[in-house]
Amino acid sequence: MFADMHYGEGEAEAWGPAQDANSTRVQNAVLQSELNGLGLVVMLGDMITGNNVHSNSSAYWDEFTLPVRANFSGLPWATILGNHDDYPFQADGSPRQYTVETQADRRELLANDLRFADSATQLGPAGISLASNYFLPVGSHGDPQGPPELLLYFLDSGGGRAPEVVYPDQVAWLEGLRTQHIAKWGKSVRSLLFMHIPCPQYTKALHSPQGFFGMALDNITPTANDTGVFAVAKDTGIQAVFVGHDHGNDFCGSVEGVWLCFGRHSGYGGYGSWRRGSRVVELGSDGAIRTWVRMEDGDVVSSGELVGARDAQG
Ligand SMILES: [Zn+2]
């Protein structure tokens, strides 16, 4: 997962495009290191710093998706939105007209993502708050009608021109899916959840007696209101949650049986000079779920087992 790449900063200065080229180098290095068995890239929000983009967000969408499209063609990606992707223009305070090409709104940004053949992103259901709300089934033991091995849920945690919140109707939608999925497949399928902004329970993960690993050098700035996403995630069979947003954290901590993990600051845009990398999640053939952070220089840090092989059948 690529978190917080923040393309598009300083676009009128030399350092801006140079910084974006560095972010592209991170993507290429990580994808090359992890290519064996790699099935999906998650763009974990704040792909662009929309508040610094003068005229054309979609040009940066073309740029940050280019490593996957050009060098790893056929590898799908799934995008969720962060708090900077649709941010109103701020760089010099001058008023701008918002159009699709300048400061697209959340649904326009996702529609733009869907232009690409390898995008697995979905435009969230109409009538549900915000935009990047969807799920992707992974694997089905060879039976396309059978239950998947894993479900990946994606939720939009707002920000930018929207409040930073997972709205109650999004939480209710997630809860409703659980009922639908149990009816369809006859059992609860284990699953992972991806958002950009942490839920408030992340502050407990830091001191988890049940398990903790990784880097915790930054503040944890969760959504202000707890609208119940953690409680529903726990009841929905979600075994781990992955977020970005706080660039100096890449830790995973276990809270009430759910792993709460940060990705890793992947881009040279955005605050902080912590070394860049990318959190990887592996679904093993034994059913175990393991994770680590692959650094730009090839190092592996912040690794641990989230679900053991013996627990995988549960
Ligand atoms: Zn960020």
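Preceding this section is the structure that the text describes.
Only a predicted model underlies this, so the values are computations on that prediction, with no experimental measurement involved.

Pairing in this open sheet of seven strands is mixed, and the strands run 3-4-5-7-9-8-6 from one edge to the other. Either end of the sheet is taken by a strand with one partner, and the two such strands are strand 3 (134–138) and strand 6 (212–213). As defined by bridge partners, strand 8 (residues 252–255) adjoins strand 9 (residues 258–262) across four bridges and the pair is classed as antiparallel. Considered in strand 9, the bridge of S254 is made with W259. Strand contacts of helix 4 (residues 168–185): strand 3, strand 4 (150–154) and strand 7 (238–243), with the helix running at about 160 degrees to strand 4, the strand carrying the most contacts.

With that settled, consider the packing of helix 2 (residues 57–71) against helix 3 (residues 106–113). One way to put it is that helix 2 packs onto helix 3 with a least axis distance of 10 Å and a crossing angle of 40 degrees. Regarding the angle of helix 2 to helix 3, the classification is oblique. With respect to the hand of their crossing, helix 2 and helix 3 are arranged in right-handed fashion. Residues S57, S58 and W61 of helix 2 pack against L109, N112 and D113 of helix 3. Residues belonging to the contact of helix 2 with helix 3 are distributed by class as follows: two nonpolar, three polar and one charged.

Moving on, we get to unusual backbone geometry. Of note in this structure, H6 is not a glycine but carries a positive phi near 55 degrees. Secondary-structure assignment places H6 in the segment before helix 1 (15–34). In this structure, D46 takes a positive phi of about 55 degrees despite not being glycine. Looking at the secondary structure, you find D46 in the loop between strand 1 (41–43) and helix 2. Residue D46 is classed as buried on the basis of its relative accessible area, which comes to 1%.

Here the focus is the coordination of the zinc ion. Protein coordination at the zinc ion comes from D4 (OD), H6 (NE2), D46 (OD) and H247 (NE2), with a distance range of 2.1 to 2.7 Å. For the zinc ion, the four donor atoms in the first shell make angles of 85 to 170 degrees at the metal, a pattern classed as irregular.

What counts and what doesn't
- Residues numbered from 1 in each chain as written.
- Predicted model: local features only at pLDDT ≥ 70, side-chain atom pairs only at ≥ 80, totals over all residues.
- Heavy atoms only, no water.
- Pairing = 2+ DSSP bridges.
- Helix = DSSP H or I, 4+ residues; strand = E, 2+ residues; numbered from the N terminus.
- Contact = heavy atoms within 4.5 Å.
- Axes fitted to C-alpha atoms, helices over the stretch in contact; angles between N-to-C directions.
- Parallel < 35°, antiparallel > 145°, perpendicular 65-115°, else oblique.
- Left-handed = near helix turned anticlockwise from the far one by under 90°.
- Nonpolar A, V, L, I, M, F, W, Y, C, P; charged D, E, K, R; others polar.
- Buried < 20%, exposed > 50% of the residue type's maximum accessible area, 1.4 Å probe, protein only.
- Donors = N, O, S within 2.8 Å, 3.2 Å for Na, K, Ca; no water.
- Tetrahedral: all angles 85-135°; square planar, octahedral: opposite > 155°, others 65-115°.

Note that every value here comes from positions in space, so none of it alone points to a role or purpose.
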